[in-house]
Amino acid sequence: MKDNKNKYNLKEADAGINKPVKRSIDDSVKNDPAKKNVDPDSKIDAEIKKNLSDDTVSASEINAKLAKKYTEDAKKKKKKDKNKVYNILIVIFACIFLFSAGYLGLYYYRNYKSEKQYDKLRDMVVDDPDNIEDLTADSSEEVIIETVDDNNEPLTKPKAFVYIDGHKVQFKYKDIYRANHDFIGWLKIDGTTIDYPVMLTPDDEEYYLRKDFYGEYSLAGTLFADTDSNVVRPSDNILIYGHHMKTSTMFHDLMNYEEEDFYEKHKYIVFNTVYGDNKYEVIAAFRTNIKEKDDSSFKYYTFFDAADEEEFDNYVSNCKSLTSYDIPTTAKYGDKLLTLSTCSYHTDNGRFVVVAKRIEHN
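Residues numbered from 1 in each chain as written. Predicted model: local features only at pLDDT ≥ 70, side-chain atom pairs only at ≥ 80, totals over all residues. Heavy atoms only, no water.

Peer 1: Looking at this structure, I do not really get the pattern of salt bridges. What am I missing?
Peer 2: In a structure, side chains of opposite charge can pair up when their charged atoms sit close to one another. Taken as a whole and assessed by the stated rule, the structure comprises 15 salt bridges. Close ionic contact of Asp 277 with Lys 159 constitutes a salt bridge, the shortest N to O distance being 2.9 Å. Here the residue Asp 277 occupies a position in the loop between strand 8 (268–273) and strand 9 (278–289), and Lys 159 occupies one in strand 2 (residues 154–164), the gap between them amounting to 118 residues. Of the two residues examined, Asp 277 and Lys 159, each falls in the buried class. The salt bridge partner of Glu 258 is Arg 287, with a shortest N-O separation of 2.5 Å. Of this pair, Glu 258 sits in the loop between strand 7 (237–241) and helix 7 (260–265) while Arg 287 sits in strand 9, and the two are 29 residues apart along the sequence. The exposure class of Arg 287 is partly exposed, given its relative accessible area of 42%. Salt bridges sharing common partners tie together Glu 115, Asp 119, Arg 122 and Asp 195. (Salt bridge = Lys/Arg side-chain N within 4 Å of Asp/Glu carboxyl O. Helix = DSSP H or I, 4+ residues; strand = E, 2+ residues; numbered from the N terminus. Buried < 20%, exposed > 50% of the residue type's maximum accessible area, 1.4 Å probe, protein only.)

Peer 1: When you look at helix 8 (residues 309–322) in this model, what are you seeing that I'm missing?
Peer 2: Count 3.6 residues to each turn of an α-helix, and residues three or four apart come out pointing the same way. Relative to the 20 Å expected for 14 residues at 1.5 Å per residue, helix 8 spans 20 Å between its end C-alpha atoms, a close match to the ideal helical length. Among all positions of helix 8, only Phe 312, Tyr 315, Val 316 and Cys 319 are buried. In an axial view of helix 8, the angular spread of the buried residues amounts to 90°, which keeps them on one side of the axis. More than 90 degrees from the buried face of helix 8, the exposed residues found are Glu 310 and Ser 321. (Expected span 1.5 Å × (residues − 1). Arc of directions from axis to C-beta.)

Peer 1: Looking at this structure, how should I read the packing of aromatic side chains?
Peer 2: Each aromatic ring pair is summarised here by two numbers: the centre-to-centre distance and the angle between the ring planes. Summed over all chains, the structure comprises 13 aromatic pairs. Taking 5.0 Å as the distance between ring centres and 85° as the angle between the ring planes, the aromatic pair formed by Phe 213 and Tyr 214 counts as edge-to-face. By relative accessible area, Tyr 214 is classed as partly exposed at 43%. The structure contains a cluster of three or more aromatic residues connected by ring pairs, namely Phe 298, Phe 303, Phe 312, Tyr 315 and Tyr 333. When the ring centre of Phe 171 is taken as reference, the NZ or CZ atom of Lys 174 above it lies at 5.1 Å. Its guanidinium or amino end placed over the ring of Tyr 268, Lys 279 lies 4.6 Å from that ring's centre, counting from NZ or CZ. (Phe/Tyr/Trp six-rings, centres within 6.5 Å; stacked < 30°, edge-to-face > 60°. Lys NZ or Arg CZ within 6 Å of the ring centre and 35° of its normal.)

Peer 1: Help me understand the pairing of strand 5 (residues 195–199) in this model?
Peer 2: For a regular strand, side-chain orientation follows a simple rule: the groups alternate between the two sheet faces. With respect to burial, strand 5 is a largely interior element, 5 of its 5 residues being buried. Sheet topology note: the strand 4 (residues 183–188)/strand 5 ladder contains 5 bridges and is antiparallel. Bridged to Gly 185 within strand 5 is Val 198. Linking strand 4 to strand 5, which pair antiparallel, is a turn of 6 residues; within it Gly 191 sits at a positive phi near 85°. Here strand 5 runs beside strand 6 (residues 223–225); their pairing, made up of 2 bridges, is parallel. When the bridges of strand 6 are listed, Met 199 appears paired with Phe 224. (Pairing = 2+ DSSP bridges.)

Peer 1: When you look at the layout of surface pockets in this model, what are you seeing that I'm missing?
Peer 2: To find leftover empty space, a probe the size of one water molecule is rolled over the atoms. Considering only enclosed or pocket space, the second largest pocket measures out at about 400 Å³ in volume. Lining the second largest pocket are 24 residues, with Asp 149, Asp 150, Val 232, Tyr 275 and His 361 positioned closest to its centre. For the lining of the second largest pocket, the leading source of residues is strand 2, giving 3 residues. (1 Å grid on protein atoms, 1.4 Å probe; cavity = no way out; pocket = protein on both sides within 12 Å on 5 of 7 lines; lining within 4 Å. Points joined across faces, edges and corners; volume = space filled by probe spheres on them.)

Peer 1: What is the right way to look at unusual backbone geometry in this model?
Peer 2: It is generally the case that most residues other than glycine have a negative phi and that most peptide bonds are trans. Cis peptide bonds are those with omega within 30 degrees of zero, and the linkage from Arg 233 to Pro 234 qualifies with -10°. With respect to the helices and strands, Pro 234 occurs in the loop between strand 6 and strand 7. Of note, Asn 349 is a non-glycine position whose phi angle comes to about 55°, a positive value. Residue position: Asn 349 is located in the loop between strand 10 (337–343) and strand 11 (350–361).

Following this line, the structure appears as structure tokens:
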């Protein structure tokens, strides 16, 4: 009997524990005004509400289910917050992608538009006829035929000129010159994309750095000559600048001269000016950079006219020593040089330079 009573008393104790918990939960909801307005469905589900009214469910079981419920809710909230972060990141990356795609699209479109403009300018060049004397009869304007150059040296073939606003200009460039008097000549390297007009603005050397032929904004700009260069006389060295465009336009192809095989196939450069035609042969191609003002090392961009033979030879020697492969052709004092310069990204303020000497003039 003792054992049974004890057993009975244990069950009674359990019941005594369960009942107060139920009353405590119910009473807390009824008596607390703040809790009366709380929707039970937002805190516990129907199964837990049913368990609260079931006398056979212990407090520990209810607490366990509540804990499980809150844990699951916390996980869901955490997952929801995580998904929200992911969605925000996706939106951010999508915006970055769209901006980048738009920028690249605009970049290539502007360069395409620029190249179409140059195509039209190329069409404006008038080819010399087989018999240049025919120009005097066919042209509506006065054409001057010359057989000697400014030094009274005979030309390899007669050349035709016209006067435009008091300036003597090669007949073949008359339409381009009329369109823009800053035009000084045309640069071309066969087998490359380099086939562009060259501008000269004595009062503002970098005017065409970000402007097209007509002076409108252009990322690619237009090739332009250093104002210390004398195209008319000409100076011992003519220096021309151009952008290294990622669209393979302007002076992009100059970088190919780093390879000897490319040099072997592209030794010659044509730079015809409004005053005459010129052909050059490459003698050096090298990487360098813009120096500080107080730096005494070699600065290719400061040489235009040699004071004497030694200065000329030093310039040629420095250029050739920087070239990574051997170019047998060289230049001597009295030769006329052409230097082409573009940006290179191997170092800060990097440049890539190609130097050539004139081998033909007409």
